[in-house]
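Remarks on the overall topology
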Amino acid sequence: RRRRRRRVRASAHRAAAPTFFVFVVAASTDAMPPSRHKMRCHYDVLEVSRDATAAELKKAYRKLALEWHPDKNAHRHDEAEARFKEVRGAYETLSDANERAWYDSHREAILKAGAHAAGGEGARPEDEINLMPYFNASSAFRGFDDAPGSFYDVYRKLFDALDKQEQAASLAAGKDSFTPAPTFGDAASPWDVVRKFYAHWGLHATMKTFAWADEYNLAEAANRKVRRLMDEENKKLRRAEAREFNDTVRQLIAFVRKRDKRYVKHQAEAAKLDKAKALAAERRRAEEKKARVAAATTFKEADWTIQDEDGPQWMRDELEAAERAAAEKAAAAMDLYCPACKKKFKSQKQWENHERSERHRAAAMKLKEEMMEDEEVVRAAMEEAAAEEAMAADAADDSGGESEEEGEEEEEGGAEGAGEGEEEEASEEEEEDDDEDAMLARMMGNARVGKKSAAAAVVDERASSSDDDDDDD
């Protein structure tokens, strides 16, 4: 019942079609290839299974080609020529991975040569061209000349009919203009004609509506919701048909291009030209390499590049500059030390920031006050020591005017006293040096001598001076 409804809808669609479709029907009828015998499956032609490998296909093709070659079958030449062409066409299709995959997915449609997967049995209108028979190289055409039924005659008529259908669909859609497709040409057409044809149909996208693929009649919808669902389902089927048609046309273009002698010849010439260009480029590279080697053998080094044992002068200058920079950096690192805070700094910026800090200023002020106090203590101690020395010298002068006997005794012990005096002068000089060193150390902040230590030093000096006076007495 469903098939009957589809046939009725298809008949109604054809009856309601515009009048310009009559011309398309006639054009498509002329494009159909002659059917000389029933199409056979390519796997049956090669006598292999559908999961046969490439090696098995090649082995079967060689066996059948030798069996049915026309030169070995003179007694049945016509039959052998037909079978040999059929075997070769089957192998050309199955040996190509893309063509084999497409053939496997459309095998039933190609063999039936009229059934359509989405539309169902009998749903295809009469003006729709069936492209499946054109995928059989053994039955679609005869020869590659310009005679009727040849390769160029059959496919030229086919693509002219397809272009006329596209023009009719464009007029039905209300398009303002339509650009005809490039012609397929004949066996003697130049490459520019061939290139334009394959460039156009290789990117083909149909403008036909495929209204015959509708599953539901919108007039039979019970309400608006059902009508919308039916319309969506019909649009989905139309898109599927359009996508299937575009894929079929593009696959047919690949099928025709592979067997087009003009395209094959151009590809061979292009490959030959590319090979010649590659060889010329290789020779040019070899010559350039040879010239570089010859230039390298005659190369003479410039005088300024000749180096002595220590290297060139510019290198020595750079090394000396680097050593000076490293020494300056090390000296700067040693100078970045704060005696007040007892800290070291890694950069001049850190040192400057530290000098501006309140903590550093307070520490520096404290250190300055301590140094000033220490300086006063040292000055007082030195003044007291000088006074003591003056008193000791006066006492020594007074004791020199006593009796002559004491003078003689002093002369007798002069030698001993001279030695002791020299020792005392050396010890006093050492003490003075020690006092100066201590004062300088306190002024630099590395050491500090307290008031008690300074007083103790004064007491020790007084004790030593009193001892010297007793010895003199």
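Structure's up top.
Quick look at the structure, then.

When helices and strands are tallied, the protein shows 18 helices and two strands. Per-residue burial over the protein gives 28% buried out of 473 residues. Restricting the contact set of the protein to residue pairs at least 6 apart, pairs at least 24 apart contribute 66%. Of the roughly 31,900 Å² of accessible surface on the protein, 52% is carried by carbon and sulfur atoms.

Right, let's get into a nonpolar patch on the surface. On the surface, a nonpolar cluster with roughly 310 Å² of combined accessible area is contributed by Trp314, Met315 and Leu319. Turning to its location among the elements, leucine 319 is positioned in helix 13 (residues 313-335).

As a further point, take a negative patch on the surface. Residues Asp317, Glu318, Glu320 and Glu323 make up a contiguous surface patch of negative charge. With respect to the secondary-structure elements, glutamate 318 resides in helix 13.

With that settled, the discussion passes to the packing of helix 9 (residues 151-172) against helix 11 (residues 224-259). For any two helices packed against each other, the geometry is given by the interaxial angle and the distance between the axes. Contact geometry of helix 9 with helix 11 gives a least axis separation of 12 Å together with a crossing angle of 155 degrees. Looking at the two axes, helix 9 sits roughly antiparallel to helix 11. The hand of the helix 9/helix 11 crossing is left-handed. Contacts between helix 9 and helix 11 involve Phe151, Tyr155, Leu158, Phe159, Leu162 and Glu166 on the former and, on the latter, Phe245, Leu252, Ile253, Phe255, Val256 and Arg259. Residue classes in the contact of helix 9 with helix 11 are distributed as 10 nonpolar, no polar and two charged.

With the rule as written, the count across this model stands at 20 aromatic pairs. Ring centres of phenylalanine 144 and phenylalanine 151 lie 5.1 Å apart, and the angle between their planes is 35 degrees; this geometry places the pair in the tilted category. A residue is classified by how much of its surface remains accessible, and phenylalanine 144, at 31% relative accessible area, is partly exposed. On the basis of relative accessible area, phenylalanine 151 is assigned to the buried category, the value being 0%.

Looking now at the side chain of arginine 259. Tracing the backbone through its elements, the reader meets arginine 259 in helix 11. Excluding residues within four positions of it along the chain, arginine 259 makes contact with Gly89, Glu92, Thr93, Glu99, Ala137, Phe144 and Phe151.

Turning our attention to the pattern of salt bridges. Applying the stated criterion to the full structure yields 15 salt bridges. Between aspartate 96 and lysine 258 there is a salt bridge whose closest N-O contact spans 3.4 Å. Of this pair, aspartate 96 sits in the loop between helix 5 (77-95) and helix 6 (97-105) while lysine 258 sits in helix 11, and the two are 162 residues apart along the sequence. On the basis of relative accessibility, which here comes to 24%, the residue aspartate 96 falls in the partly exposed class. Among the residues examined, lysine 258 registers a relative accessible area of 36% and is labelled partly exposed. One salt bridge in this structure joins aspartate 153 and lysine 157, with 3.6 Å as the shortest N-O distance. In this pair, aspartate 153 and lysine 157 are both assigned in helix 9, four residues apart and thus about one turn of the helix distant. Among the residues examined, aspartate 153 registers a relative accessible area of 10% and is labelled buried.

Positionally, alanine 52 belongs in the loop between helix 3 (42-46) and helix 4 (54-67). Taking the C-alpha atoms as reference, alanine 52 lies 9.8 Å from leucine 94; in sequence the two are 42 residues apart.

About the criteria used
Residues numbered from 1 in each chain as written. Predicted model: local features only at pLDDT ≥ 70, side-chain atom pairs only at ≥ 80, totals over all residues. Heavy atoms only, no water. Helix = DSSP H or I, 4+ residues; strand = E, 2+ residues; numbered from the N terminus. Buried < 20%, exposed > 50% of the residue type's maximum accessible area, 1.4 Å probe, protein only. Contact = heavy atoms within 4.5 Å. Areas by Shrake-Rupley, 256 points an atom, 1.4 Å probe, with all protein chains shown as cover. Patch = residues over 30% accessible without salt bridge, like charges linked within 9 Å, V, L, I, M, F, W, Y side chains within 5 Å. Salt bridge = Lys/Arg side-chain N within 4 Å of Asp/Glu carboxyl O. Lys, Arg positive; Asp, Glu negative; His and termini not counted. Charge placed at Lys NZ, Arg CZ, Asp CG, Glu CD. Axes fitted to C-alpha atoms, helices over the stretch in contact; angles between N-to-C directions. Parallel < 35°, antiparallel > 145°, perpendicular 65-115°, else oblique. Left-handed = near helix turned anticlockwise from the far one by under 90°. Nonpolar A, V, L, I, M, F, W, Y, C, P; charged D, E, K, R; others polar. Phe/Tyr/Trp six-rings, centres within 6.5 Å; stacked < 30°, edge-to-face > 60°.

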